[in-house]
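# A structural walkthrough
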Amino acid sequence: MFDDENYTHINLKEFSGHKDEVNCCAFSTDWEILVTGCDDCLVRVWNTLTNKMVCKLRGHQGAVKSCAFSNDSKMFATASYDTTVRVWQTRTGDCIHVLQGHTKSVEMVAFSPDCTKLCSGSWDCSAIMWDVEQGCVLRILSGHSSLVQSCDFDYKDKHVATGSWDYTVRVWPVSPIADEKVKILRGHTSNVHAVVFSRLGFLASGSWDQTVRLWNPDTSTLLFVLSGHTGWVKALAFSMDSLYLASAADDQTVLIWDVTSGTCIKELQGMTDQVHTCKYSTEGTLLASGASEVTLMVRSKPAEKEQNSAEQETSTV
């Protein structure tokens, strides 16, 4: 259970170097490496232990809009306004693949749990599933009528969800099966900005309509409409045990929801600007939230025997 002691500020870290607006960031699994993407077309890699920039990666010819690490942290991918996705080797910073297939800006990229596939979403109204090893297209997911803003694979690697500015969420089979149709989840009244699966298979979607919707994607059933934000919902993250859902919005708050009851159990305030990203660590102890100037707040959930030893860290890029 979250309480006030879990969310007290302790220190501030600054990562300086970007010249333009930072659009995205991603952590390695051990949280020791931070990747950021910017309007200046550059990808920057940071050591979070030393607060130092490790390198700048060049190659994109447009703003870097999204970035993501593979689950084993051996690779990360970046998506760009230049219509391409690039896959990089974490250890060396080498570009492994330049994935070409979209015809407009690529706004989102996500790895599959087994690290063998990527999904990217674009202003061309499509999502593309890629073979990471071969660097080729596996499937083009067509059906949305506007920007595909978000995508996420389920933990069994059987389905991928996409959220679109056409107000819908679609759930696609990773491997096409004759009798399995694409599920279309309707209900949002504005752009869907975020989708995320829990480890138990539930699906959450966040929208500019200021709500979060929790779904059973197997049956296309709406379980809860989570209302509480006063701004656009930009990012979502399930805790590792799937019991909690964090939602970040541009109302300068992160809300923590009890998934079993659909109730908000904690409101985290104190962001200086629009919150646009949040994430739990693999241990389920850290929540990262970011603002548009990119402030990353890492919040620690203490062990049962150390209820008063919570740690929070804020990082400004």
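All values derive from a computational prediction rather than experimental measurement.

Our next topic: the sheet that holds strand β4 (residues 43-47). Spatial ordering of the open sheet is given by β2-β3-β4-β5, a layout of four strands whose pairing is antiparallel. Across the chains shown, the open sheet's two edge strands, defined by having one partner strand only, are β2 (22-27) and β5 (52-57). Each strand of the sheet is rotated relative to its neighbour by a mean of 20°, with strand direction disregarded. As paired elements, β2 and strand β3 (residues 33-38) share five bridges and run antiparallel to each other. Considered in β3, the bridge of C25 is made with T36.

Moving on: the nonpolar core. Counting 15 residues, the largest nonpolar core has M75, A77, V85, L99, V109, F111 and L118 as the members making the most contacts within it. Non-local contacts of L118, meaning those with residues more than four positions away in its chain, are made with A77, V85, V87, L99, V109, A110, F111, I128, M129, W130, V132 and F153.

Tracing the backbone shows L268 in strand β25 (residues 263-268). Sequence separation between L268 and A248 is 20 residues, and the spatial gap between their C-alpha atoms is 9.4 Å.

A few words now on the sheet that holds strand β15 (residues 159-164). The strand order across the open sheet formed by four strands is β14-β15-β16-β17, and the pairing between neighbours is antiparallel. The open sheet is flanked by β14 (148-153) and β17 (183-185), the only strands paired with a single partner. Recorded for the sheet is a direction-independent mean angle of 20° between the axes of neighbouring strands. Where β15 meets strand β16 (residues 169-173), five bridges bridge the pair, whose relative direction is antiparallel. Each bridged residue has a counterpart across the sheet, and for G163 the counterpart in β16 is V169.

A few words on the pattern of salt bridges. According to the stated counting rule, one finds three salt bridges in the structure shown. Its salt-bridge partner being D114, residue K117 comes within 3.5 Å of it at the nearest N-O pair. According to the relative accessible area criterion, K117 is buried, its value standing at 11%. Judged by its relative accessible area of 38%, D114 falls in the partly exposed class. Taken together, the shared-partner salt bridges in this structure form one network comprising D114, K117 and D157.

Evaluation of the coordinates by the stated rule reveals six aromatic pairs. For the pair F69 and F76, a centre-to-centre distance of 5.5 Å together with 55° between the ring planes defines the contact as tilted. F76 sits in the buried class, given a relative accessible area of 2%. Ring pairs connect the aromatic residues W123, W165, W208 and W232, which therefore count as one cluster.

What counts, and at which threshold
Residues numbered from 1 in each chain as written. Predicted model: local features only at pLDDT ≥ 70, side-chain atom pairs only at ≥ 80, totals over all residues. Heavy atoms only, no water. Pairing = 2+ DSSP bridges. Helix = DSSP H or I, 4+ residues; strand = E, 2+ residues; numbered from the N terminus. Axes fitted to C-alpha atoms, helices over the stretch in contact; angles between N-to-C directions. Core = buried A, V, L, I, M, F, W, Y, C linked by side-chain atoms within 4.5 Å. Buried < 20%, exposed > 50% of the residue type's maximum accessible area, 1.4 Å probe, protein only. Contact = heavy atoms within 4.5 Å. Salt bridge = Lys/Arg side-chain N within 4 Å of Asp/Glu carboxyl O. Phe/Tyr/Trp six-rings, centres within 6.5 Å; stacked < 30°, edge-to-face > 60°.

Interpretation note: all reported values are geometric properties and have no functional meaning in isolation.
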